[in-house]
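Descriptive structure summary
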Protein chains: 2
Amino acid sequence: MSEALDAPALPAPVPRRILVVDDDPTVAEVVSGYLQRAGYAVDRAVDGRAALERAAALHPDLVVLDLMLPEIDGLEVCRRLRAEPLSQAVPIVMLTAKGDEHDRILGLELGADDYVTKPFSPRELVLRIQSVLRRSAGAAAPAAAVDEGPFTAGDLRVDPTARRAWRGARELTLTLREFDLLAFLLGHPGTAFGRDELMRRVWGWDFGDLSTVTVHVRRLREKIEDDPAAPRLITTVWGVGYRFDPSDAPGRAAETAVPHA
Amino acid sequence: MSEALDAPALPAPVPRRILVVDDDPTVAEVVSGYLQRAGYAVDRAVDGRAALERAAALHPDLVVLDLMLPEIDGLEVCRRLRAEPLSQAVPIVMLTAKGDEHDRILGLELGADDYVTKPFSPRELVLRIQSVLRRSAGAAAPAAAVDEGPFTAGDLRVDPTARRAWRGARELTLTLREFDLLAFLLGHPGTAFGRDELMRRVWGWDFGDLSTVTVHVRRLREKIEDDPAAPRLITTVWGVGYRFDPSDAPGRAAETAVPHA
DNA sequence: AGGAGGACGTTCTCGTTCCGTAAGGTGCCG
DNA sequence: CGGCACCTTACGGAACGAGAACGTCCTCCT
């Protein structure tokens, strides 16, 4: 998803196309639903042959590939995708049976970018996919060079491409979520966001426990605020959510009261 | 869940029809009551079959759906609603048993828009429903341009996106309700509103003690008026309600004759 | 492999803030 | 002068956010 990173400048990131390949209708249904919900355009194929056709026709941004397939199995699909120049670079996430270590390793060798073992939680799958997309976007960002160069607010600096952040001269050690959260807020200075909206735009979920956001804001404050107990950068808006306040020039604030009357 | 009451300046919402599907009369009764008091028209169904019939007949704006149902269970109802073009887009809020993660996920896959775990607080359910309605309404109306730039009247300034307000150069510390109230009034300068109308447009309720409005107007005056005892910004219109008076040009706008002798 | 460490999501408790309502007071109108 | 509408104040409860701690999963290192 990197939606969290694209969002600052790109209001509506181009919806990514994902091809889901699975012969089990239930699994395909569940996965498709989750991905659509996360904002992706989903196409489906039920066997290896169809998968290759769809991939050639659609040029998806990512392929979710079940290993056990009729006609042509997942490993073979993977191999052929990698052989074809047009689909050579497409990220592949494999679905493998639990403990099927051998196929998994083989899949990785054939060029799969990640794997998820069945039974899997759809949530986890989405996370993996987002992670893979982020990685590959970072690796091959030729046309997508629209990606923000490092941007700044106050004495905070964030480099989305490098995934690094600084406070003044000191580099911050942020986790993945913390970084995404900070990057998003920095990209929308002065705007208040509800927890639910942060959940959607940073986490990419429509649901989930909103206290998760609270906790991560707390952890982030711990790392970037001078006094986490009295946050000046990430302000709490009571009953609403949070807001990043760019207090660029300390001492220049306009406390000039207009002595009306 | 707190976001439901955030809409400060939305025009009066069209009364929405909600279909409540639950086989437990007590639950259905309680939920219906709360929803009706929140201003929704409520229809009820006790099993899956009836639910589908009612949905087809009424085209409700939202469906509250219990998972455990006689005849046809909630998941199946959900599936069929989604299969039917006419009901394909209707938002669905599911009621699931606590910790029934599997059904919950499956429900979301089948197209539910949110879920609430039993036992739930009716209040929370109403908030979720409002949230879902707002989301789907927003999705359907892309050019809504809800984003108000910060706007001004006199020396008052309100920034809805940042949720901040200033009087002259001094920033005001407003609570959620106070802010919404001020934002609404600022957005309709010179217009008098009855307490009941403010209740509906600021609070979003069709019921409730109107003195609540009185008290909040008082608290707001306390923060923005030079002399809360002789309010110049938020004027009382006797027998009607309140009105915001933009006294832009000092010395010019004194058409409000001071009655006092 | 096995174990240590970190990241993340969840849950619980606690203190604070906010909000709605009730009750009595005051001013406006007939 | 009586009645009504509005004002003012106070209070109890509920909602909210902060903080701390736990359990789980993943990753990395040995």
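Everything discussed here concerns the structure shown above.
Computed from a prediction, not measured in an experiment: that's the story for all the values here. (Residues numbered from 1 in each chain as written. Chains lettered and ligands numbered in written order. Predicted model: local features only at pLDDT ≥ 70, side-chain atom pairs only at ≥ 80, totals over all residues. Heavy atoms only, no water.)

1. With respect to the overall build of chain A
Looking only at helices and strands, one finds nine helices and 12 strands in chain A. Sorting the 261 residues of chain A into buried and exposed places 46% on the buried side. At a minimum sequence separation of 6, the contacts of chain A that also span at least 24 residues come to 54%. Total accessible area on chain A is roughly 12,700 Å²; 55% of this is exposed by carbon and sulfur atoms. (Helix = DSSP H or I, 4+ residues; strand = E, 2+ residues; numbered from the N terminus. Buried < 20%, exposed > 50% of the residue type's maximum accessible area, 1.4 Å probe, protein only. Contact = heavy atoms within 4.5 Å. Areas by Shrake-Rupley, 256 points an atom, 1.4 Å probe, with all protein chains shown as cover.)

2. Observations regarding the environment of T117(B)
Residue and element names in this part refer to chain B. Position of T117 among the secondary structure elements: in strand 5 (residues 114-118). Judged by its relative accessible area of 24%, T117 falls in the partly exposed class. A C-alpha to C-alpha distance of 4.8 Å links T117 and T96, two positions 21 residues apart in sequence.

3. As for the protein's contact with DNA strand D
DNA strand D sits among 23 residues. The nearest are T236(A), Y242(A), R218(B), T236(B) and Y242(B). Each atom of DNA strand D within 4 Å of the protein was assigned to sugar, phosphate or base; sugar and phosphate come to 91%. In this structure, a phosphate oxygen belonging to DNA strand D sits 2.7 Å away from a side-chain N or O atom of Y242(A). Here G239(B) contributes a backbone N or O atom positioned 3.1 Å from a phosphate oxygen of DNA strand D. (Near = heavy atom within 4 Å. Polar contact = N/O pair within 3.5 Å; in protein donor to acceptor, adjacent residues only side chain to side chain.)

4. What to know about the protein's contact with DNA strand C
For DNA strand C, the set of nearby residues contains 24 residues, the closest of which are T175(A), R177(A), T212(A), H216(A) and R177(B). For DNA strand C, the fraction of protein-proximal atoms (within 4 Å) that sit in sugar or phosphate groups is 71%. Side-chain polar atom of R177(B) to a phosphate oxygen of DNA strand C: 2.5 Å apart, as the coordinates give it. In the model, a phosphate oxygen of DNA strand C is placed 2.8 Å from a nitrogen or oxygen of the H216(B) side chain. Of all elements in the fold, only helix 7 (176-187) and helix 9 (211-224) of chain A together with helix 6 (176-187) and helix 8 (211-224) of chain B reach the threshold of two or more residues within the surface near DNA strand C. Considering every element that reaches the surface near DNA strand C, the biggest residue donor is helix 9 of chain A, with five residues. In terms of residue class, the surface near DNA strand C is built from 10 nonpolar, seven polar and seven charged. (Nonpolar A, V, L, I, M, F, W, Y, C, P; charged D, E, K, R; others polar.)

5. What about the sheet that holds strand 2 (residues 41-45) of chain B?
Residues and elements named next belong to chain B. Read from one edge to the other, the open sheet built from five strands follows the order 2-1-3-4-5, with strand pairing classed as parallel. Two strands close off the open sheet at either side, each with one partner strand: strand 2 and strand 5. Taking the axes of each pair of neighbouring strands and ignoring which way they run, one obtains an average angle of 20° across the sheet. Both strand 3 (residues 62-66) and strand 4 (residues 92-97) contribute to a ladder of four bridges, which runs parallel. By the bridge assignment, L65 is partnered in strand 4 with M94. Taken strand by strand, helix 1 (residues 25-37) contacts strand 1 (17-21) and strand 2, and its axis lies near 165° from that of strand 2. (Pairing = 2+ DSSP bridges. Axes fitted to C-alpha atoms, helices over the stretch in contact; angles between N-to-C directions.)

6. Concerning the pairing of strand 12 (residues 241-244) of chain A
The two faces of a sheet get side chains in turn, since along a regular strand they alternate between them. Residue and element names in this part refer to chain A. For strand 10 (residues 192-194) and strand 12, the ladder comprises three bridges, and the chain directions are antiparallel. Bridge pairing in strand 12 links F193 to Y242. Of the pairings in the sheet, the one linking strand 11 (residues 234-237) to strand 12 comprises four bridges and is antiparallel in character. Along strand 12, the bridge assignment pairs V237 with G241.

7. What to know about the sheet that holds strand 9 (residues 170-172) of chain B
By way of backbone hydrogen bonds, the strands of a sheet pair with one another, either parallel or antiparallel. Residue and element names in this part refer to chain B. The sheet built from four strands is open, its strands ordered 6-7-8-9 with antiparallel pairing. Every other strand in the sheet has two partners, leaving strand 6 (151-153) and strand 9 as the edge strands with one partner each. The sheet shows a mean angle of 25° between the axes of neighbouring strands, direction not considered. As paired elements, strand 7 (residues 156-159) and strand 8 (residues 164-167) share four bridges and run antiparallel to each other. Bridge pairing in strand 8 links D159 to R164. Relative to strand 7, helix 6 is tilted by about 115°, and along the sheet it contacts strand 6, strand 7 and strand 8.

8. Looking at helix 7 (residues 195-203) of chain B
Residues L198(B), M199(B), R201(B), V202(B) and W203(B) constitute the buried set of helix 7 of chain B. Where the residues of helix 7 of chain B are buried, they touch helix 6, strand 10 (192-194), helix 8 and strand 12 (241-244) of chain B.

9. Topic: helix 3 (residues 74-83) of chain B
By the burial criterion, the buried members of helix 3 of chain B are G74(B), L75(B), V77(B), C78(B), L81(B) and R82(B). Around the axis of helix 3 of chain B, the buried residues are gathered within 160° of arc, so they sit on the same side. (Arc of directions from axis to C-beta.)

10. Points about unusual backbone geometry
Backbone geometry places R163(A), a non-glycine residue, at a positive phi of 60°. Among the secondary structure elements, R163(A) is positioned in the loop between strand 7 (156-159) and strand 8 (164-167). Residue classification places R163(A) among the partly exposed residues on the basis of a relative accessible area of 28%. A positive phi is found at H59(B), a non-glycine position, where the angle reads about 50°. Mapped onto the elements, H59(B) comes out in the loop between helix 2 (48-58) and strand 3.

11. Some remarks on the packing of helix 7 of chain A against helix 8 (residues 195-203) of chain A
Residue and element names in this part refer to chain A. Viewed as axis vectors pointing N to C, helix 7 and helix 8 meet at an angle of 110°, and their least axial separation amounts to 10 Å. The pairing of helix 7 with helix 8 is recorded here as roughly perpendicular in orientation. At the point where helix 7 passes helix 8, the crossing takes the right-handed sense. Between helix 7 and helix 8, the contacting residues are R177, D180, L181, F184 and L185 on the first element and L198, R201, V202 and W203 on the second. Looking at the contact of helix 7 with helix 8, its residues break down into six nonpolar, no polar and three charged. (Parallel < 35°, antiparallel > 145°, perpendicular 65-115°, else oblique. Left-handed = near helix turned anticlockwise from the far one by under 90°.)

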